[in-house]
Amino acid sequence: MFTHTHALQYEAKPDGPDAAFARRMQEILGGQWGEMTVATQYLLQGWNCRLPGKYKDMLLAIGTEELAHVEMIVTMIDRLLDHQPLKPDAADRTNEAAAGFGNTNPQHAIVNGGGAYYRDSMGLPWSGGYVTASGNLMADFHYNATAEMMGRLQVSRLYNMTDDPGVKEMFKFLIARDHMHQMQWLAAIEELKADGLEGIPVPEAFPLEEEPDNFGYTFIDASDGPDAAAGRWASGPALDGRGEMRAAPIEATADAPILPPGDPRLFGTPQMEGQSMLQKAKDMLK
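Residues numbered from 1 in each chain as written. Predicted model: local features only at pLDDT ≥ 70, side-chain atom pairs only at ≥ 80, totals over all residues. Heavy atoms only, no water.

Colleague: Sorry if this is basic, but what is going on with the overall build of the protein here?
Modeller: Within the protein, the secondary structure is distributed over nine helices and three strands. When the elements of the protein are put in sequence order from the N terminus, they spell out α-α-α-α-α-α-α-α-β-β-β-α. Residue burial in the protein is summarised as follows: out of 286 residues, 33% are buried. In the protein, the share of contacts with a sequence separation of at least 24, taken over all contacts with a separation of at least 6, comes to 73%. Accessible surface for the protein amounts to roughly 17600 Å². Of this, 57% is attributable to carbon and sulfur atoms. (Helix = DSSP H or I, 4+ residues; strand = E, 2+ residues; numbered from the N terminus. Buried < 20%, exposed > 50% of the residue type's maximum accessible area, 1.4 Å probe, protein only. Contact = heavy atoms within 4.5 Å. Areas by Shrake-Rupley, 256 points an atom, 1.4 Å probe, with all protein chains shown as cover.)

Structure, rendered in structure tokens:
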């Protein structure tokens, strides 16, 4: 069950309208790494979670908070769209004025009547395909940490694209929450390990004896760059605690593939020398 409180989680108002910047803000609302994605992702992971207790409750708590951030961003975009110019100012025919009007999103006015919508800064619709809920908490928590890193990165970039103190104030709040949420997911990953629920590699339950040879612990160097194997990923104890990391040059372990002729009724290439595909198809149908 959901309830709604009209008061915003964090209040911040722009000093004035800025329809062009409202378009940029659409990215952190309806883009791949925007608030619509993380809100619905965390809620879906929580609703699907078959493990009752702290992990499910945490997912539902943060997903609900992210819905509050959706409302905050929608409200800010709406405020930036106050007095949105509907046509170029007849009194100002400068190139700067024309460029400013051209940088606004016409759909804000035409489709939404001066409001935000679930699209990115280029007008592409938000998609549920951005949402990941695998059913494996270790995999999902790693992806959630990435989502928070990408979200904080994009808000930080937007922070440097405006001089409006009120907009910056909201961005500082979102940046701080993304900071906390990154640490939250990384801490949850460590807790999964401590609780013995999941480890590396994901899924930990898959039997390691089914993995061929030493491929699970070998960094395959497929680059002519001299330092590809110079990092921790190519030497030392494996992070799963079961082996040693090593490096080896890439090499072929199989012959070149030779595929059998395709079904001639599909009219693929190549065909047998001296015989047309049409004739082959006729022969097969006899």
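Colleague: Looking at this model, I keep getting lost on the pairing of strand S3 (residues 244–249). Mind explaining?
Modeller: Regular strands place their side chains on alternate faces of the sheet. Judged from the four bridges that link them, strand S1 (residues 218–221) and S3 form a sheet pairing that is parallel. Note on S3: the bridge partner recorded for isoleucine 220 is alanine 248. Hairpin connection between strand S2 (residues 236–237) and S3: a loop of six residues separates the two successive antiparallel strands, and glycine 241 in this loop has a positive phi of roughly 75°. (Pairing = 2+ DSSP bridges.)

Colleague: Please explain the pattern of salt bridges as it appears in this structure.
Modeller: In a structure, side chains of opposite charge can pair up when their charged atoms sit close to one another. Inspection of every chain in the model, using the stated rule, returns nine salt bridges. Arginine 79 is paired through a salt bridge with glutamate 11; the nearest N and O atoms lie 3.3 Å apart. In this pair, arginine 79 is assigned in helix H4 (residues 54–80) and glutamate 11 in the segment before helix H1 (19–25), connecting sequence segments 68 residues apart. Take arginine 79: its relative accessible area is 23%, and that puts it in the partly exposed class. Glutamate 11 sits in the partly exposed class, given a relative accessible area of 42%. Two residues, lysine 193 and glutamate 190, come together in a salt bridge whose shortest N-O distance is 3.4 Å. Of the two residues, lysine 193 and glutamate 190 both sit in helix H8 (residues 165–194), three residues apart, roughly one turn of that helix. Residue glutamate 190 is classed as partly exposed on the basis of its relative accessible area of 46%. (Salt bridge = Lys/Arg side-chain N within 4 Å of Asp/Glu carboxyl O.)

Colleague: Help me understand the nonpolar core, please; the structure alone is not making it clear to me.
Modeller: Most often, soluble globular proteins have nonpolar side chains that are buried together. Of all hydrophobic cores here, the largest spans 25 residues; its most connected members are Met25, Ile73, Ile77, Met170, Phe171 and Leu174. Discounting chain neighbours no more than four positions away, the residues touching methionine 25 are Ile73, Met76, Ile77, Leu80, Leu158, Val167, Met170 and Phe171. (Core = buried A, V, L, I, M, F, W, Y, C linked by side-chain atoms within 4.5 Å.)

Colleague: Where do I start with unusual backbone geometry in this structure?
Modeller: Trans peptide bonds make up most of the peptide bonds, and negative phi angles are found at most residues other than glycine. The omega torsion of the bond from isoleucine 200 to proline 201 falls at 0°, within 30 degrees of zero and hence cis. Notably, histidine 83 is not glycine yet its phi reads approximately 60°, a positive angle. One non-glycine residue, phenylalanine 267, adopts positive backbone phi at about 55°. Note on placement: phenylalanine 267 falls in the loop between S3 and helix H9 (277–285). Residue classification places phenylalanine 267 among the exposed positions, given a relative accessible area of 52%.

The values reported here are purely geometric and, on their own, carry no functional implication.
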